[in-house]
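Results of the structural survey
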Protein chains: 2
Amino acid sequence: MTGFTCPVPIAATDSVLLGHGSGGKLSAELLRDIFLPAFANPLLARLEDQAVLEFEGARLAFTTDSFVVKPLFFRGGDIGSLAVHGTVNDLAMGGARPLALSTAFILEEGFPIADLRRIADSMARAAARAGVSIVTGDTKVVERGCGDGVYINTTGIGVVAEGVNLSAAHARPGDAVILSGAIGDHGAAILTEREGLELEGAIQSDSAPLNGLVDAIFAVTREVRAMRDPTRGGLASTLNEIAAQSRVGITLTERAIPVHEGVRGACEVLGLDPLYVANEGKLVAIVPAEWAGGIVSAMRRHPLGAEAAVIGSVTGRDAGLVTMRSAFGTTRIVDMLAGDQLPRIC
Amino acid sequence: MTGFTCPVPIAATDSVLLGHGSGGKLSAELLRDIFLPAFANPLLARLEDQAVLEFEGARLAFTTDSFVVKPLFFRGGDIGSLAVHGTVNDLAMGGARPLALSTAFILEEGFPIADLRRIADSMARAAARAGVSIVTGDTKVVERGCGDGVYINTTGIGVVAEGVNLSAAHARPGDAVILSGAIGDHGAAILTEREGLELEGAIQSDSAPLNGLVDAIFAVTREVRAMRDPTRGGLASTLNEIAAQSRVGITLTERAIPVHEGVRGACEVLGLDPLYVANEGKLVAIVPAEWAGGIVSAMRRHPLGAEAAVIGSVTGRDAGLVTMRSAFGTTRIVDMLAGDQLPRIC
């Protein structure tokens, strides 16, 4: 549950829209108008992707996500591996080593057992790769027409590394903004698959567990301000959340942000901006400028960080605003995703 | 995820049936044939309603459930309170004090915002009553026709009380079987509501948080062998699981098992056996005989245990079998629920 800046009042609609699940402005409204007031507590109000509980002198991270991705199987992954990676990554973005995962399935009557087996096996492989066990679970079945094959919840607990104190509210003017690699792969893979587009150069989802890459960063320093994986709503929404919560400006350099050729092409065909397209194996780190070089070097030595780069910086001007300088020297505002660009992307 | 004895091979069907979500034999098959082999690990293989992790010298309980109950609102509760109670109770049945809950919503496009608010408020009240906070969450939206209003996952972490060592495998011959109150209220309430039955004496769900009742038991002794809340599959399935895992027999005295008049009537009309109907605010405890009297007295002083009674005993004969003696002195075998008696009861 993330997202904060949201000018449109929820009274604008009296029923749930697809956009309420997009990770953009409508999602933030639902959180602000319904869930935060009802469940009022300081942990939830922090609006991080994970809650952190003090326990026996340690810090436990706790995070949950349900996955409704469509199609269930796609280039580079499936709903099972995505569900494991998504929750491992929410823990990792809190600086937590994953301890254990739970999983809960909502199956639609008639779903092929062979597909369920394939998904369970994929989850098991993803968990093994991330070094975490799935230790408890649940299965429910709904009637034909009341679901869409399978929906999967994964919830994770992890232990926050000592000396780490990450928060989307911790960015400071002068910090560097690091991105671990090219954006838009996951969303573009899902959408081209869904639309049956045949494009040159197959696009693969980047779905991957980021905890190893985070370990590589922490081996350089634990003085990282904030980390986020730009999933629903894409890089633009993630950076807007950080800018809003830290009350800082963020300026990006367009040409520093890698976008794979195939993704660029798919986005052109589909009329999408890669900045708003979901990633499932990328991270953004806000770090003190003096550590930026060392962190980028360490990330580039990790297979999931080969294209890591400094893509911008944090400023004291224009609090809450993300701006981007193009190759031609023009500057534009990069707003938060409004409404629903891509439903059921995760 | 519970359930173990299951003679029918899963090859009998190649697609998901409603019965796979019933908590009976088909659910157990799915677990045995798909999830246990894929996620192979010792915690999951214990087949308890919660995993217990050793952490910093303490024991953390971890449990998950998705809720797909239909209708969403019913006498005595709604999907929101049910989701909180269900997970609090799975923790409590492991002897754990709830530390924190997560929640994840899968909303169907078009779901009324007012209903969502009502459900969130109900969850908040249920959490306050149980003394636990909802600290993190997630929302996804699926297209109209791909869901059924709202599905809710709750996942909980708790701390297992010191000196407690509960397991469905710990029942021993000579132990007493204690039931906290009348059976079948939840399932009968849901089903009469769903079928639009007008019966004399309105049936209310017994949905309630059991952690307070467990505290009352532990105030007498922590030498409890096993605790379970007989939800999907009812009392019969729960006792069959315990008999199978402990490799003991269980004999019940029919007249000792309370069933409310309205529930008895509804079950007659609907052709159901209350032993297989779900409860959401009852517990079964297997305790050494010498503690039974003291525990029942303590439970009766708690509002949720007013009808607590010893309903049977554990024997060394007929391992894995649950039998019941009727008022007429006849004895019958109480088998595990086969197939699907009541879909979408929780």
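A brief look at the structure comes next. (Residues numbered from 1 in each chain as written. Chains lettered and ligands numbered in written order. Predicted model: local features only at pLDDT ≥ 70, side-chain atom pairs only at ≥ 80, totals over all residues. Heavy atoms only, no water.)

With that settled, consider helix α8 (residues 261-270) of chain B. All names here are of chain B. What α8 keeps buried is the set Val 263, Ala 266 and Cys 267. Take α8 and look down its axis: the buried residues cluster within an arc of 100 degrees, on one side only. More than 90 degrees from the buried face of α8, the exposed residues found are Glu 261, Glu 268 and Val 269. Taken together, the buried residues of α8 touch α5 (185-195). After α8 finishes, the residue Gly 271 shows a positive phi value of roughly 70 degrees. (Buried < 20%, exposed > 50% of the residue type's maximum accessible area, 1.4 Å probe, protein only. Helix = DSSP H or I, 4+ residues; strand = E, 2+ residues; numbered from the N terminus. Arc of directions from axis to C-beta. Contact = heavy atoms within 4.5 Å.)

Now for the pattern of salt bridges. Think of it this way: side chains of opposite charge can pair up when their charged atoms draw near. Enumeration according to the criterion identifies 30 salt bridges over all chains in this entry. Between A:Asp335 and A:Lys25 there is a salt bridge whose closest N-O contact spans 3.6 Å. You can see A:Asp335 sitting in the segment after β14 (331-333) and its partner A:Lys25 sitting in helix α1 (residues 25-38), a full 310 residues away along the chain. Overall, A:Asp335 belongs to the partly exposed group, its relative accessible area being 39%. Given a relative accessible area of 15%, A:Lys25 falls into the buried group. Residues B:Lys282 and B:Asp206 are paired through a salt bridge, measuring 2.9 Å at the closest nitrogen-oxygen approach. With B:Lys282 in the loop between α8 and β11 (284-287) and B:Asp206 in the loop between α5 and α6 (211-220), this pair connects stretches of sequence that are 76 residues apart. (Salt bridge = Lys/Arg side-chain N within 4 Å of Asp/Glu carboxyl O.)

With that settled, consider helix α9 (residues 289-300) of chain B. All names here are of chain B. With twelve residues, α9 ought to run about 16 Å at 1.5 Å a step, and its terminal C-alpha atoms sit 17 Å apart, in line with that. If you check which residues of α9 are buried, you get Ala 292, Ile 295, Val 296, Ala 298 and Met 299. The arc that holds every buried residue of α9, seen down its axis, measures 160 degrees, which confines them to one face. (Expected span 1.5 Å × (residues − 1).)

Listed as interface residues are 79 residues of chain B and, on the opposing side, 79 residues of chain A. Linking chain B to chain A there are eight salt bridges. Among the ionic pairs, A:Arg344 bridges to B:Glu143, the shortest N-O distance being 2.7 Å. At the junction of chain B and chain A, the tally comes to 25 residue pairs in polar contact (both at pLDDT 80 or more). Counting residues per element, the ones that place at least two in the side of chain B that touches chain A are α1 (25-38), α2 (42-45), β1 (51-55), β2 (58-67), β5 (96-108), α4 (113-130), β6 (133-142) and β7 (150-160) of chain B. (Polar contact = N/O pair within 3.5 Å; in protein donor to acceptor, adjacent residues only side chain to side chain.)

It is worth spelling out the packing of helix α6 (residues 211-220) of chain A against helix α9 (residues 289-300) of chain A at this point. Residues and elements named next belong to chain A. Relative orientation of the contacting elements α6 and α9 amounts to 140 degrees, with a least axis distance of 9 Å. Put simply, α6 runs oblique to α9. The handedness of the crossing between α6 and α9 is right-handed. Two secondary-structure elements touch here, α6 through Leu 213, Ala 216, Ile 217 and Val 220 and α9 through Trp 291, Gly 294, Ile 295, Ala 298 and Met 299. Of the residues in the contact of α6 with α9, the class split is eight nonpolar, one polar and no charged. (Axes fitted to C-alpha atoms, helices over the stretch in contact; angles between N-to-C directions. Parallel < 35°, antiparallel > 145°, perpendicular 65-115°, else oblique. Left-handed = near helix turned anticlockwise from the far one by under 90°. Nonpolar A, V, L, I, M, F, W, Y, C, P; charged D, E, K, R; others polar.)

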